[in-house]
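So you can see what is in the structure, the chains are spelled out below.
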Amino acid sequence: LLQILQHAQAPPHVKLAGAIYFKNYVRRKWDIPAGEGGVPGEDRAVIKQHLLTLMLSVEKKLKHQLGAALELIADSDFPAEWPNLLTELVQHSESSSAATRLGAMETAHSIFKKYRIAQRCDDLLRELQYVLKTFQMCHLKSFQAVCQTIQAGQFANEEDLKTHVELLIASCQVFYSLNIVDIPEHFEDNRTAYFTGFLHFLTFHNEALKTKQSDVPGPLEQLKAVICENLTLYATKYQEEFEPCVKGCVQTIFELLVGLDHSEKYDYLATSAMNFLGCAGATQWQAKENPFVVEGTLQKICEQVVLRNIQLRDNDLELFTDNPQEFVRRDAEGADQDTRRKCAMDLVKSLAKLYEAQVTPLLAGYAQALMAQNKDERSKDACIFLVTAMAARGATRARGVSITNDLVPIVDFFQQHVAPELQGDVNSRPLARAASLKFLTMFRSQIPPAVAGPLIPLICGHVRTSHAVVHTYACNCIERLLAVQDMTPQGPKPRLELGAVKDVLVATVGPIIQITVAGGAGIPQNEYSMRCVMRIFQCLNEGAAGIAVPTIQQLAAVMQAVSRNPINPLFNHYAFEAIATAVKVAVPAQVDAAEQHLIPLCAMLLEQQVTDFMPYAFQILGLLLDGSTTVKPIFMQLFSRILTPELWKFQANIPGLARLIGAYFHKHAQIREPLMNSIEQILARVQFVLQMRRLESTAFDMINAMFARLPFELYQKFFPTLVTVLLQKLQAKKSAALSKSIAHSFSLFTHIHQDLVLPQVVEGVQAGLFLNIVQYVWLPGLTAMRSPAEKKVGALGLAKLMGAQQVASNPTVVALCVEAFGHLLGLVSANGKDF
């Protein structure tokens, strides 16, 4: 195959197909041992001997595929089983061909970038030491040589110039990867050479490197952005070494930012530069080196960087109207994409860590100026965004902004300038309405319920708007407000009083689903809409019973249509969650009506093997079977099918299958004979799931469902085998989590069954084993329990366990049981001290 790629006469499409096949072959086979169907040892040696040289010699399309294959092999074999790779890279990095040097440096980057996410350990440090010993001097020489060549500017053509700039980009990327874990001595000693080059190219210009496209960064923008990332690394991790350079770097990057226009091609560079300013601004430098204490610096940054980058651009407005899904992806609360606006907000937060008293009045003045332009939607949006940046200091997923700037009167600003925007025609001033909804969503735990509660009808009205972003933000706002809970002595309590707004929330579900059916008003398969429906049912519970079945009917039709072309996994998840919450409201009173709409949907999904939806179908069927008074024929037909091994090989199916089997256990009186005949198969599936680390808890869910719902005589024959399997699992891998799970299951079994059969079963496995299990597994597992439900089961099981002869006759074990009781009842703290 590799010979075909080298053959000059082979057609280009054949070569490309061969390169793609080779890459996929490596991905499938390389990690499999040769004796088990993987790549034979002789082929491995030949591939590693020739792959790098071949990759550097072929055209760009092939190089990309072979480079991906090389990266896969290096991830597996480098450096231990591919020691000569680094030597080859050094040799090619010294080639007279710029294209070859570029390929070698890009390959080095693809190999070394794994260090950016690797966890620091001795093996990693040893590998880095090996890499640095061979590659560090080569890297420095290559960096200095390409810097000098570009500065000299003597190139045969523009393509040659671009090749050298791309080589410098790759060299800077390697710099980051080799410095991310710790600062190597070589780089510390030569930092002057590197930083001189970095600073020079931050101000470098060449007309030949400009791109005609306004939305794609050119090589020069990429180079400057990567340099900013290197400077950010040093400003964050190596302040002592970086301090002599900080003033010059801050000034240079500030001037760079001021010189950028609003074109999208500069976004990567602008966000990288603002990230650097933020990291530098959050660090306490010595006074003589600190650029942020120089008079006027903070004002310039706030005015010329922050203020310029928080305002929506023309292309942002186009997204708002023409591509609302992308706008929401970039702008919504919790969005992780580095947009200019988000980085400007992060810059304000970073500066406020040390200079809050200076920065807040400056930004407040700009906010006042923007408020004066209230008629301009873009200015109002910028004003709200700026106040958000000023006020927010910390946030959580559940509660939104949790730490605020005391100098910003959040509630007053909200009442005077944000809440009024939510009144009137929901289709007017969409930018201002979207910004206002987002502000309330972010500060939901800071706005008092007495202020936020009366606004719920206004917010619900916004789901009917024709603007997709406003509809989405309204759904998100409703869902997030309903999810906020306050802790009380009686436990968590919803922050908002739902009784007063129940009818409004119920009336909101229908329009949301209608918009979803109609295509999402610009955002098809909108996960925010479905999450809102789910939360309304979850919070209102029986208060939404009147619309439960109609909602189930509509959602079943939606998911049947979506199953033909599912494009958004989050939408799928929340849609089925919404169905599940509606089912819990509908059953048992309306279970037949719910089954009428959902059983055909689930049957279709299973019959057509819609793999993305099958796990949800099993969950829904489990809910329906639990709520039904009879076992419908379809459930009898399904019972034998759900035990087929093929279904259990797809891990996503397993939690749903386990849930459904638990529902069958609940109906054991009506399907006693099929259950008795299938217990051995069920326990085989339990043992299969128990071997999966990620699904270990699901195996215990199945065990606990069997203990809680089935009469002992149905599985008595296989109980010793089950106990043996659990003890073997414990012997193979003892962990706190496993001990806790076994303690919970044993406690549940002991509490539920009249006779104390567990001691005899364990002793049957090995004489004297029971007390050891109690002392070293069961009791420690009980002390690890945290939830009230777990503690209740543990206490009930322990009370009965103490009546066992082996326990009661052993004073040491009795004392340990009493201590465990103290933990379960909250009388003893985790460190063993009395409260």
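Residues numbered from 1 in each chain as written. Predicted model: local features only at pLDDT ≥ 70, side-chain atom pairs only at ≥ 80, totals over all residues. Heavy atoms only, no water.

## As for the overall build of the chain
Along the backbone of the chain there are 42 helices and 4 strands. Dimensions of the chain, computed from the C-alpha atoms along their principal axes, are close to 90 × 75 × 65 Å. Expressed as a percentage of its 835 residues, the buried residues of the chain come to 53%. For the chain, contacts bridging at least 24 residues in sequence account for 71% of all contacts bridging at least 6. In the form shown here, the chain has an accessible surface area of approximately 37,600 Å², with 52% of it arising from carbon and sulfur atoms. Here the chain contributes 76 positive and 78 negative side-chain charges, whose respective centroids are spaced 3 Å apart. (Helix = DSSP H or I, 4+ residues; strand = E, 2+ residues; numbered from the N terminus. Buried < 20%, exposed > 50% of the residue type's maximum accessible area, 1.4 Å probe, protein only. Contact = heavy atoms within 4.5 Å. Areas by Shrake-Rupley, 256 points an atom, 1.4 Å probe, with all protein chains shown as cover. Lys, Arg positive; Asp, Glu negative; His and termini not counted. Charge placed at Lys NZ, Arg CZ, Asp CG, Glu CD.)

## Quick notes on helix H19 (residues 410–418)
Taken residue by residue, H19 has Ile410, Phe413, Phe414 and Val418 as its buried positions. Across the axial projection of H19, the buried residues extend over an arc of 100°, all falling on one side. Where H19 is buried, its residues touch helix H17 (340–371), helix H18 (377–391), strand E2 (400–404), helix H20 (430–442) and helix H21 (449–452). (Arc of directions from axis to C-beta.)

## A closer look at the pattern of salt bridges
For the coordinates displayed, the defined rule picks out 34 salt bridges. Between Asp486 and Arg495 there is a salt bridge, with its nearest N and O atoms 3.1 Å apart. A residue is classified by how much of its surface remains accessible, and Asp486, at 24% relative accessible area, is partly exposed. Between Glu696 and Lys733 there is a salt bridge whose closest N-O contact spans 3.2 Å. With a gap of 37 residues between them, Glu696 in helix H34 (residues 696–709) and Lys733 in the loop between helix H36 (719–732) and helix H37 (736–752) connect regions that are remote in the sequence. Assessed through its relative accessible area of 33%, Lys733 is described here as partly exposed. (Salt bridge = Lys/Arg side-chain N within 4 Å of Asp/Glu carboxyl O.)

## A closer look at helix H5 (residues 84–93)
With respect to burial, H5 is a largely interior element, 7 of its 10 residues being buried. Its buried side turned inward, H5 meets helix H3 (41–57), helix H4 (60–77), helix H6 (98–112) and helix H7 (122–152).

## Observations concerning the nonpolar core
Counting residues in hydrophobic clusters, the biggest one holds 297 residues, and the most contacted among them are Phe112 and Phe135. With 13 residues, H17 is the single largest residue contributor to this core. Those residues within four positions of Phe135 in sequence are excluded, and the remaining contacts are Leu86, Leu89, Val90, Ser93, Met105, Ala108, Phe112, Val174 and Leu178. (Core = buried A, V, L, I, M, F, W, Y, C linked by side-chain atoms within 4.5 Å.)

## Regarding unusual backbone geometry
In this structure, Pro79 follows Phe78 across a cis peptide bond, with omega equal to 0°. Take Pro79: it is sitting in the loop between H4 and H5. Following Val587, the chain continues into Pro588 via a peptide bond in cis, with omega recorded as 0°. Topologically, Pro588 is positioned in the loop between helix H27 (569–586) and helix H28 (591–607). Of note in the backbone geometry, Gln525 takes a positive phi value of approximately 55° without being a glycine. Its location among the elements puts Gln525 in the loop between helix H24 (502–517) and helix H25 (527–540). The backbone phi angle of Gln609 is positive, close to 50°, even though this residue is not glycine.

## Side note on the pairing of strand E4 (residues 491–494)
Pairing geometry for strand E3 (residues 485–488) and E4, over 4 bridges, is antiparallel. Its bridge partner being in E4, Gln485 is matched across the sheet by Pro494. Where E3 folds back onto E4 in an antiparallel hairpin, the turn is made up of 2 residues. (Pairing = 2+ DSSP bridges.)

## A short note on the packing of helix H8 (residues 158–179) against helix H11 (residues 219–237)
Where H8 contacts H11, the two axes come as close as 9 Å, and the packing angle between them is 20°. Taken together, H8 and H11 sit at an angle that is classed as roughly parallel. As for the relative orientation of H8 and H11, their crossing is left-handed in sense. Between H8 and H11, the contacting residues are Val165, Leu168, Ile169, Cys172, Gln173, Phe175, Tyr176 and Asn179 on the first element and Pro219, Gln222, Leu223, Val226, Ile227, Glu229, Asn230, Leu233 and Tyr234 on the second. Residues that form the contact of H8 with H11 fall into these classes: 12 nonpolar, 4 polar and 1 charged. (Axes fitted to C-alpha atoms, helices over the stretch in contact; angles between N-to-C directions. Parallel < 35°, antiparallel > 145°, perpendicular 65-115°, else oblique. Left-handed = near helix turned anticlockwise from the far one by under 90°. Nonpolar A, V, L, I, M, F, W, Y, C, P; charged D, E, K, R; others polar.)

## Focus: the packing of helix H32 (residues 654–666) against helix H33 (residues 672–690)
Orientation of H32 relative to H33, taken along the N-to-C sense of each, is 150°, at an axis distance of 12 Å. Regarding the angle of H32 to H33, the classification is roughly antiparallel. The way H32 lies across H33 gives a crossing that is left-handed. Here Ile654, Ile661, Tyr664 and Phe665 of H32 lie close against H33, whose contacting residues are Leu675, Ile682, Phe688 and Val689.

## Quick word on the environment of Arg786
Structurally, Arg786 is set in the loop between helix H39 (769–783) and helix H40 (788–801). On the basis of relative accessible area, Arg786 is assigned to the exposed category, the value being 56%. As a C-alpha pair, Arg786 and Leu824 span 38 residues in sequence and 8.5 Å in three-dimensional space. Of note is the side chain of Arg786, whose polar atom sits 3.1 Å from the backbone oxygen of Thr783. (Polar contact = N/O pair within 3.5 Å; in protein donor to acceptor, adjacent residues only side chain to side chain.)

## Describing the packing of aromatic side chains
Under the definition given, this model contains 35 aromatic pairs. Look at Phe195 and Phe198: their rings are 5.6 Å apart centre to centre, the planes differ by 80°, and that puts the pair in the edge-to-face class. Taken together, the residues Phe195 and Phe198, both in helix H10 (residues 191–202) and 3 residues apart, mark about one turn of the helix. Each member of the pair, Phe195 together with Phe198, is buried. With a centroid separation of 6.1 Å and 55° between ring planes, the pair formed by Phe242 and Trp285 is classed as tilted. Separated by 43 residues along the polypeptide, Phe242 in helix H12 (residues 239–258) and Trp285 in the loop between helix H13 (267–281) and helix H14 (297–310) bring together distant segments of the chain. According to the relative accessible area criterion, Trp285 is buried, its value standing at 4%. Feature note: the residues Phe143, Phe175, Phe187, Tyr194, Phe195, Phe198, Tyr234, Tyr238, Phe242, Phe276 and Trp285 constitute an aromatic cluster, connected by ring pairs. The lysine or arginine in question, Arg28, covers the ring of Tyr21, its NZ or CZ lying 5.9 Å from the ring centre. Seen from the ring of Trp30, Arg44 lies directly overhead, with NZ or CZ sitting 4.6 Å from the centre. (Phe/Tyr/Trp six-rings, centres within 6.5 Å; stacked < 30°, edge-to-face > 60°. Lys NZ or Arg CZ within 6 Å of the ring centre and 35° of its normal.)

## A short note on a nonpolar patch on the surface
On the surface, a cluster of nonpolar side chains totalling about 340 Å² of accessible area is made up of Leu1, Ile4, Val14 and Tyr21. Inspection of the secondary structure puts Val14 in helix H2 (residues 12–29). For Val14, a relative accessible area of 32% corresponds to the partly exposed category. (Patch = residues over 30% accessible without salt bridge, like charges linked within 9 Å, V, L, I, M, F, W, Y side chains within 5 Å.)

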